[in-house]
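# Descriptive structure summary
For reference, the chains in residue letters:
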Amino acid sequence: MSDPILNPNADDDAEVIPLRPAPFGAPDITADPTGDPSEDDAPDRDEADDLTDAEGDDGEDGAEVDRESVLIGTVVKGAPVDPPDEPRPFGRRAGGKRAPVLPPWIASRTAVRDTARWTIREIRYYLAFHSVRAPKYAAKMAVYAPIGTVRTITRALHWASAEEGNWHLRQMAADRGDADTWLKLDARRQRQAQWRWIVVGALAAAIAAATLYLVFGHVPVWWRLLAAVIALPLLARMGRPADKPITDRVTNTGAYRKLTAELVRRALLNVQLKGITSAVAKDPGAISFPVEIHRDGPGHLAIVDLPYGVEASEVIARRGKLASGLRLPLDQVWPEPAPGHTGRLALWVGFEPASQMRQPKWPLLKGAKVDVFAPFPFATTPRMDVINALLMGRNWLFGGQPGSGKTFALRLLALAAALDPRVELRIYEMKGVGDFKPLAPVCTEYGNGFDDDTLAAAAQLIDWLYAECQRRSKRIEHYADLGKAPENKVTPELASLTGSGLHPLVVVLDELQELMLSPHGKRAGEILEKVIKLGRALGVILLIGTQIPDKDSLPTGITRNVNTRFCLSVADQTANDMILGTSQYKLGHRATAFKPGPPSEGGEAGWGILRGIGETGARCSYYVDADQAARIVEHAIALRTDAGTLPAEATQTREAPAYDVLTDVATVWPAGEDAAWNETLLERLTDLRGDVYATWKPAQLTAALSTHGVKVGQVGRRIDGKTVNRRGPTHADITTAITNRKQKRSQD
């Protein structure tokens, strides 16, 4: 029957056919329930429009047409707009990298040793902590054990009576007055209690017998002690109040929470990068982990794929907030860019802060001998992995603000070079404090200070280096013709060959900015750039240190050609990229994250970003104090004495011929001339000191004279009736410069 309220005009005898909604996409079967729909059964669009126009708002029977009903026809499924990812093929992809068979923490002896050392240290600490408090623990157990005994007996009796089993059901039956149900439930309780009483009685008898045997029997004393050690803590645990533990909590400043995916996600959200928060709000899986979080050395490593559009460098820039999100000290959290793409982050969290992780001693402290053609230990990673350095074929640049540990890191390489008897050392430290003075006995040339004489000597050393490179290139050519210099480079065999003149030459220039900002700077910078380009294949190794990495104190021509760089703590992005190279700050390699100062004062001296040796990342150079440096030099002296390469004290000055441009120019000055051409002076200077001035050009003479305040201008001469102008100094300027220098020296 139809509902008269819904359809008052309906016939009472009409048949009601229930219509079920067709599933989405199914064909419409309302027109012909008995057959398949066809195109002939339904009017086309034009016919439907005609019918609508003819009927108006009402149908043939005057009933109102339902304009809200929509006929859904067959839905044709097409190809997906975004096809699913391709299935990962079995085996190795081209250029892919397989995961190691062994976990990283057991893949090497060093990793196993570090993990075992950390575990043993933790166990030792816990044992010592609780051993000191053992008397207090014993007193607490003596108080709580009797209470625990009473509680244990009470709980055993309560369990044996089985009162807890169905008491609420029996109570409900009693409340309803249902005696039959109550009796059945109680009978069930009694059946449970029967076997429980047997168990409790047997255990009580066994415990009583064991107690009597231990007290009155003939048993060793250590059996009684063992029983007391086992029973008393258990009984005391049962008898102590819930808020009063027996043992004290171990408070350790090196707190560590195992790294988990949820912990990493929470920390990344706390970094407050808009790209991360908005992406995670839309998709909780926007932060993914392509590699399972695993132990890596004394800590755990998480490789994180950040949301699309977020770079790892953005997270590294907020290392402090990341550490706060992990609730860990700053030097316990080490984010770095991970290989693959710029949005992949490698987050390593140590078991304890780096300031509390004792760095191992430098392996070269104990009677070692170094081969500069082979790698040797230089630094460690936050995971305490050893990073080996290379000297031959490389030039090094060290940069950092005062207190960053730059000089000590630079001295480390000089000490290693001293342990190779073949190496000739020439050192100029222009800070004047004597950090390299322990190395003076093994140096052919050593200078300390930032006075005019020391800076002039350093500039002369650079001039000599350029001439030395020219000499060595001819020696290389000679041995290459003999087949002894493959690829026209210095080999270990040539370096060891007596009389070859191709022994390794290591030159240290610390605080180079003092020289670059002096009157000698322009000429020294130009020549030093040439030496860096030429010397790498000729056995000439430059180790440069600076505090002020800008274009004036560190010419870009030098930094551009140095292939190994160690940037310690710097103040800003500009200094960071001046040392490490363009865009390194943007890529996430930021030495601005390190704090200058010794670790005892909360600083991170010795920490920096090392580029050019393996993967670029945070490294901490080994620390060698003055006493240890002195012992290393003593061993170096012994090695060089045996090899016959120890410089004599009288010859520990620069072997290049000493010269004074002002004095030499005054000596060769043409008689009766007020001014002279540079070309004329160079001809006379070559006759005077051919080993010094033979390779000089007029521009080089101009630069050398300008360091002493002598201006070079146009000098005219009549040649064949024509006036020819060339550059040159005047005799008055030369004599004035010599007089001013004498006066200054007398005042000093």
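Use the structure listed above.
Nothing here was measured: the structure is a model prediction, and the numbers come from that model.

This next bit is on the overall build of the protein chain. Along the backbone of the protein chain there are 23 helices and 16 strands. Per-residue burial over the protein chain gives 39% buried out of 748 residues. For the protein chain, the share of sequence-separated contacts (at least 6 apart) that also reach a separation of at least 24 residues comes to 66%. Of the accessible surface of the protein chain, which amounts to about 43400 Å², a share of 56% is contributed by carbon and sulfur atoms.

Turning next to the sheet that holds strand β4 (residues 344-350). Ordered in space as β1-β2-β4-β3, the four strands form an open sheet in which the pairing is antiparallel. For this open sheet the edge positions go to β1 (288-295) and β3 (333-337), each flanked by a neighbour on one side alone. In this sheet, neighbouring strand axes are inclined to one another by 15° on average, regardless of whether the strands run parallel or antiparallel. Sheet topology places β3 next to β4; five bridges connect them, and they run antiparallel. Within β4, the residue paired with V333 across the bridge is V349. Strands β1, β2 (299-305) and β4 of the sheet are contacted by helix α7 (residues 261-270), whose axis makes an angle of about 120° with β1. Sheet strands touched by helix α10 (residues 319-326): β3 and β4. Its angle to β3, the strand with the most contacts, is close to 130°.

What follows concerns the nonpolar core. Grouped together as the largest cluster of nonpolar side chains are 54 residues, with contacts concentrated most on L465, L509, L512, L515 and L528. Element by element, the count of residues in this core is highest for helix α12 (residues 452-481), at 10 residues. Excluding its chain neighbours within four sequence positions, the residues that come into contact with L528 are I462, L509, L512, L542, I544 and I558.

In this structure, R319 sits in helix α10. An unpaired buried charge is present at R319: no salt bridge exists, and E604, the closest side chain of opposite charge, is 4.1 Å distant. Discounting residues that sit within four places of it in the chain, R319 has contacts with L330, D331, V333, W334, P335, A593, F594 and E604.

Where like charges cluster on the molecular surface, the positive patch consists of R358, K361, K366 and R631. Relative to the elements of secondary structure, K366 occurs in the loop between β4 and β5 (376-380).

Looking now at the pattern of salt bridges. Using the criterion set out here, one finds 20 salt bridges in the structure. K431 is the partner of E511 in a salt bridge, and the nearest nitrogen-oxygen pair spans 4.0 Å. Taken together, the residues span a long stretch of sequence, with E511 in the loop between β10 (505-510) and α14 (512-516) and K431 in the loop between β8 (424-429) and β9 (443-448) at a distance of 80 residues. Among the residues examined, E511 registers a relative accessible area of 1% and is labelled buried. Connected via shared salt-bridge partners are K406, K431, D435, D510 and E511.

Pairing is mixed across the open sheet formed by 10 strands, whose spatial order is β6-β5-β14-β13-β12-β7-β11-β10-β8-β9. Only two strands of the sheet have a single partner each, and these edge strands are β6 (386-389) and β9. Mean inter-strand twist for the sheet, computed between neighbouring axes without regard to direction, equals 25°. By the bridge criterion, four bridges tie strand β12 (residues 564-568) to strand β13 (residues 607-611) in an arrangement that is antiparallel.

Attention now moves to unusual backbone geometry. Glycine aside, negative phi is the norm for most residues, and most peptide bonds take the trans geometry. A positive phi angle, close to 60°, is found at A162, a residue other than glycine. Along the chain, A162 turns up in the loop between α3 (134-160) and α4 (167-176). A positive phi angle, close to 55°, is found at E511, a residue other than glycine.

The next thing to look at is the packing of aromatic side chains. Inspection of the entire model under this criterion finds 13 aromatic pairs. Consider the rings of Y125 and Y126, whose centres lie 6.1 Å apart with planes at 85°: the pair is edge-to-face. Judged by relative accessible area, which is 32%, Y125 ranks as partly exposed. With relative accessibility at 39%, the residue Y126 sits in the partly exposed group. Members of the aromatic cluster, joined through ring pairs, are F378, W396, F398 and F566. Positioned above the aromatic ring of Y585, the side-chain terminus of R590 is 4.0 Å from the ring centre.

If you trace the backbone, E429 turns up in strand β8. Although E429 is buried, it forms no salt bridge, and the closest oppositely charged side chain is K431 at an N-O distance of 6.5 Å. There is a polar contact of 3.4 Å between the side chain of E429 and the backbone nitrogen of G434. Here E429 is in contact with G434, D435, F436, K437, Y446, G447, N448, G449 and D510, once residues within four sequence places are set aside.

Burial along β6 is one-sided: I387 and A389 are buried, and none of V386 and N388, which face the opposite way, are. Relative to β6, β5 runs antiparallel, the two sharing four bridges. Bridge pairing in β6 links T380 to V386.

Of all seven residues in β2, seven are buried, a share of seventy percent or more. Here β2 shows a buried face lined by G299, L301, I303 and D305 and a second buried face lined by H300, A302 and V304. Looking at chain direction, β1 and β2 are connected through four bridges and run antiparallel. What sits directly across from H294, in β2, is L301.

Let us now look at the packing of helix α20 (residues 678-688) against helix α22 (residues 698-706). In the contact formed by α20 and α22, the axes pass within 9 Å of each other and the chain directions differ by 90°. Our classification of the angle between α20 and α22 gives roughly perpendicular. The residues of α22 that touch α20, namely those facing N678, E679, L681, L682 and L685, are P698, L701 and T702. Of the residues assigned to the contact of α20 with α22, the class counts are five nonpolar, two polar and one charged.

Further remarks concern the environment of R640. Structurally, R640 can be placed in helix α18 (residues 626-643). When the C-alpha positions of R640 and D420 are compared, they lie 8.1 Å apart, and in sequence the two are 220 residues distant. Apart from residues no more than four positions distant in its own chain, R640 is found in contact with A417, A418, D420, P421, V423, L425, V442, T645 and L646.

Let us look at the packing of α3 against helix α6 (residues 221-239). In contact at an axis separation of 6 Å, α3 and α6 are set at 75° when each is read in the N-to-C sense. Of the possible angle classes, the one that applies to α3 and α6 is roughly perpendicular. Seen from α3, the contacting residues are M141, Y144, A145, I147, G148, T149, R151, T152 and R155; seen from α6, they are L232, P233, L235, A236, M238 and G239. Here the residues of the contact of α3 with α6 sort into nine nonpolar, four polar and two charged.

Procedures and definitions
Residues numbered from 1 in each chain as written. Predicted model: local features only at pLDDT ≥ 70, side-chain atom pairs only at ≥ 80, totals over all residues. Heavy atoms only, no water. Helix = DSSP H or I, 4+ residues; strand = E, 2+ residues; numbered from the N terminus. Buried < 20%, exposed > 50% of the residue type's maximum accessible area, 1.4 Å probe, protein only. Contact = heavy atoms within 4.5 Å. Areas by Shrake-Rupley, 256 points an atom, 1.4 Å probe, with all protein chains shown as cover. Pairing = 2+ DSSP bridges. Axes fitted to C-alpha atoms, helices over the stretch in contact; angles between N-to-C directions. Core = buried A, V, L, I, M, F, W, Y, C linked by side-chain atoms within 4.5 Å. Lys, Arg positive; Asp, Glu negative; His and termini not counted. Salt bridge = Lys/Arg side-chain N within 4 Å of Asp/Glu carboxyl O. Patch = residues over 30% accessible without salt bridge, like charges linked within 9 Å, V, L, I, M, F, W, Y side chains within 5 Å. Charge placed at Lys NZ, Arg CZ, Asp CG, Glu CD. Phe/Tyr/Trp six-rings, centres within 6.5 Å; stacked < 30°, edge-to-face > 60°. Lys NZ or Arg CZ within 6 Å of the ring centre and 35° of its normal. Polar contact = N/O pair within 3.5 Å; in protein donor to acceptor, adjacent residues only side chain to side chain. Parallel < 35°, antiparallel > 145°, perpendicular 65-115°, else oblique. Nonpolar A, V, L, I, M, F, W, Y, C, P; charged D, E, K, R; others polar.

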